[in-house]
Amino acid sequence: MPNPLSRRRLLGAAAVGAVTAAGFGGRTASARRRLPPPTSVTETDPALLSAIEAATLLQSRALHPRDLLDACLARSAEHDGSVEAWIRIYSEQAYAAADLAAQRLATGSAPLVCGLPIALKDVFAVAGLPLTASSGALAGNIAAGDSGVWRRLRDAGMVLMGHLHTHEFAIGTATPQVGNPWGTEYSPGGSSGGSAAALAARFTPCAVGTDTGGSLRIPASACGITAIKPTFGRCSTSGVIPLTWTRDHTGPMGRSVADASLLLSYMAGVDVDDPSTSVGPDVPANGYPLSAVGGPQPLSGIRFGLPSTATEDLPETVGVLFSAFLDLIRRLGGVIVDVPMPAVPTGLLTGDLAEFGLYHQQFVDRLPSYRPESAVAATAAVASLGVPVADYFSLERERRRYQHEYNRMFAEHALDVVLRPGALTDGIRRDTLADTSVFAGARENYFWANYTGAPVICVPAGRSTATGIPFGVQLGGLPWAEEALISTALELQEADPVWRDTPPLASSPRRIPDVRATRPGPGPSPTNTDDSGPGFRFVPTTSTAAV
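Since we're looking at a predicted model, the values are computed, not measured. (Residues numbered from 1 in each chain as written. Predicted model: local features only at pLDDT ≥ 70, side-chain atom pairs only at ≥ 80, totals over all residues. Heavy atoms only, no water.)

Draft legend 1. Region of the structure containing the overall build of the protein. If you tally the helices and strands in the protein, you get 14 helices and eleven strands. In terms of C-alpha radius of gyration, the protein reaches 22 Å, essentially the compact-globule figure of 24 Å for 547 residues. With the C-alpha coordinates aligned to their principal axes, the bounding extent of the protein is approximately 65 × 55 × 45 Å. By the burial criterion, 61% of the 547 residues in the protein qualify as buried. For the protein, the proportion of contacts with a sequence separation of at least 24, taken over those separated by at least 6, is 80%. (Helix = DSSP H or I, 4+ residues; strand = E, 2+ residues; numbered from the N terminus. Rg over C-alpha atoms; globule rule 2.2 N^0.38 Å. Buried < 20%, exposed > 50% of the residue type's maximum accessible area, 1.4 Å probe, protein only. Contact = heavy atoms within 4.5 Å.)

So this is what it looks like as structure tokens:
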């Protein structure tokens with residue numbers, strides 16, 4: 001095993017002839033799925049490296065996994081006092097994993113994510129570690145097994161740093177216990193707010209989250225990072241504390257599109273514990289694209305649909321950013337088409353609440369341990385279990401009709417991408433949060449992707465001149481179109497790399513709870529709760545047939 005490299009030696013070692021290491025390449029079609037050469041990395045602080053940059057140096061053995069982990073843990077301890085993204089870390093387990101990753105990297109044939117630190121939203125089970133969904137109701141709960149997503153990432157050699165805060169049980173869109181690194185008096189969004197905040201603060205190069213009604217995209221927009229909500233079933237939800245089984249999505253979060261794409265390549269795939277993952281085309285054998293083609297008009301011929309009502313409620317401060325993003329698309333050769341996007345059926349919310357209540361009925365005796373607003377939402381959801389079965393199945397049919405209408409919009413207007421703002425506000429202050437339930441508020445702006453199961457990427461588009469809070473744009477496609485969406489988003493970020501902006505965090509030390517693994521819970525589910533669900537899953541389709 002090589003000796004760990006100091007940060008001062010990092011650049012010098014990267015410049016040595018490691019360019020020929022496996023996995024590096026240029027910009028041919030196949031090489032766009034490879035890492036850039038180590039000589040392209042100019043950052044000297046390992047904690048500030050993007051996932052792609054860190055992977056490049058790890059693969060070339062110019063950086064040791066322990067040095068990378070050291071830097072991320074040190075930065076977290078120095079700055080998380082004002083952000084509080086972490087709910088707990090697992091340093092002993094992480095260092096052991098980093099040493100194992102170093103051994104695999106020494107063979108020259110390790111997966112591209114091997115040795116990269118990663119953080120999980122506190123709804124992903126890891127055997128023998130706490131799993132609490134940031135709720136007092138699950139205090140002391142220990143996961144009985146591994147979630148499907150973590151099992152894949154663990155097997156690829158990733159290094160688990162810890163769990164990050166979620167809005168309690170992923171119910172809301174604020175994650176009020178976490179501060180936005182760009183202005184800690186502002187919300188990081190939710191429910192994957194801890195994941196987005198940790199990425200923006202440069203505490204970790206990789207994170208994962210979930211999205212039931214915007215919970216990946218809302219915090220991505222608010223924190224200036226990138227999130228990919230894949231097609232429903234592309235990534236496993238087994239071993240994840242659910243909100244609603246038929247529209248929960250797990251997805252990667254990274255500082256850039258390339259970072260998130262790299263993580264998706266190892267998250268996605270069939271999991272026998274989640275039947276939804278066996279539907280649809282295979283994950284690309286060599287992974288998803290990691291670099292842009294570039295050139296003056298790389299989006300030539302690509303048609304972007306802009307719903308006629310998409311910008312009606314945008315404040316002027318972020319409307320300017322959205323308009324500039326549209327101008328960037330046009331400059332790169334893309335064509336923007338006004339489209340009448342089908343309206344999200346409001347009645348589907350009844351079915352969502354029934355699924356929500358089905359899970360939370362097991363905790364009715366623990367409602368006093370919920371946050372007050374979560375307790376109100378969970379109580380209403382449990383009460384909704386009185387919905388007649390016939391009505392529930394009628395709602396599922398209505399959802400299928402809506403999905404086909406969405407597909408028909410793409411077909412009739414020859415679209416490749418549909419655009420929507422990543423947020424409808426210019427930041428939200430934590431002390432003025434009102435109704436933050438994922439089932440309330442701007443459902444139209446996010447639910448379309450969860451009800452259709454279609455993939456969406458939310459990318460940063462700049463920061464407000466009024467608040468300094470980032471703003472993002474959603475790029476959606478047809479089911480299973482992740483590869484095309486990623487390619488499009490890579491071109492946009494190549495032309496305008498605002499994702500590289502780093503928040504100016506002041507020193508704010510925090511002693512983050514550091515936990516050791518223990519005996520797994522009794523199960524039988526990996527979450528150590530009753531998460532068996534209704535027994536059927538939603539199946540995405542590209543059909544345009546009338547329903």
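Draft legend 2. Fine view of the nonpolar core. The biggest cluster of nonpolar side chains holds 155 residues, and the ones touching the most others in it are Leu116, Phe169 and Leu475. Once residues within four sequence positions are removed from consideration, Leu116 is found in contact with Ala51, Ala54, Ala55, Leu58, Leu68, Met158, Val159, Cys206 and Leu262. (Core = buried A, V, L, I, M, F, W, Y, C linked by side-chain atoms within 4.5 Å.)

Draft legend 3. Geometry of the side chain of His163. Topologically, His163 is positioned in strand β3 (residues 159-164). Here the side chain of His163 touches Phe124 through a polar contact of 2.8 Å, landing on its backbone oxygen. Apart from the residues within four sequence positions on either side, His163 is in contact with Trp86, Ile87, Arg88, Tyr90, Leu120, Lys121, Asp122, Phe124, Val126, Pro130 and Leu131. (Polar contact = N/O pair within 3.5 Å; in protein donor to acceptor, adjacent residues only side chain to side chain.)

Draft legend 4. Main features of the packing of helix α10 (residues 348-360) against helix α12 (residues 389-412). In the contact formed by α10 and α12, the axes pass within 9 Å of each other and the chain directions differ by 125 degrees. Taken as axis vectors, α10 and α12 run oblique relative to one another. As α10 runs across α12, the sense of the crossing is left-handed. Facing Leu348, Thr350, Gly351 and Glu355 of α10, the residues of α12 in contact are Tyr392, Leu395, Glu398 and Arg399. For the contact of α10 with α12, the class distribution of residues is three nonpolar, two polar and three charged. (Axes fitted to C-alpha atoms, helices over the stretch in contact; angles between N-to-C directions. Parallel < 35°, antiparallel > 145°, perpendicular 65-115°, else oblique. Left-handed = near helix turned anticlockwise from the far one by under 90°. Nonpolar A, V, L, I, M, F, W, Y, C, P; charged D, E, K, R; others polar.)

Draft legend 5. Seen up close, the pairing of strand β5 (residues 226-229). Residues Thr226 and Ile228 point to one face of β5 and Ala227 and Lys229 to the other, with burial holding for every one of them. The pairing of β5 with strand β6 (residues 249-254) spans two bridges and is antiparallel. Bridging across to β6, Ala227 finds its partner in Met253. When β5 meets strand β10 (residues 456-463), the two strands line up antiparallel, connected through three bridges. Directly across from Lys229, in β10, lies its bridge partner Val456. (Pairing = 2+ DSSP bridges.)

Draft legend 6. Representation of the side chain of Asp531. Here Asp531 is to be found in the segment after α14 (482-495). Beyond its immediate chain neighbours, meaning those up to four positions away, Asp531 contacts Val240, Pro242, Trp245, Tyr359 and Ser525.

Draft legend 7. Structural view of helix α3 (residues 65-83). An ideal rise of 1.5 Å per residue puts 27 Å on 19 residues; α3 measures up with 25 Å between its terminal C-alpha atoms. Considering bend angle alone, the principal kink of α3 is centred on Ala77 and spans about 45 degrees. Considered for burial, the residues of α3 that qualify are Pro65, Asp67, Leu68, Leu69, Ala71, Cys72, Leu73, Arg75, Ser76, His79, Asp80 and Val83. Backbone geometry just after α3 places Glu84 at a positive phi near 55 degrees. (Expected span 1.5 Å × (residues − 1). Bend = angle between axes of the 7 residues up to and from the residue.)

Draft legend 8. A look at the packing of helix α5 (residues 148-155) against helix α8 (residues 257-267). Where α5 contacts α8, the two axes come as close as 8 Å, and the packing angle between them is 105 degrees. With respect to each other, α5 and α8 are oriented roughly perpendicular. Contacts between α5 and α8 pair Val149, Arg152 and Leu153 from the former with Leu263, Tyr266 and Met267 from the latter. The residue makeup of the contact of α5 with α8, split by class, is five nonpolar, no polar and one charged.

Draft legend 9. The environment of Ser221, seen in detail. For Ser221, the position within the fold is in helix α7 (residues 217-223). Apart from residues no more than four positions distant in its own chain, Ser221 is found in contact with Gly422, Ala423, Cys458, Pro470, Phe471 and Gly472. Side-chain polar atoms of Ser221 contact the backbone nitrogen of Gly472, separated by 2.7 Å.

Draft legend 10. Expanded view of the pattern of salt bridges. Taken as a whole, this structure holds 16 salt bridges when the rule is applied. A network of salt bridges, in which partner residues are shared, links Asp146, Arg154 and Asp155. (Salt bridge = Lys/Arg side-chain N within 4 Å of Asp/Glu carboxyl O.)

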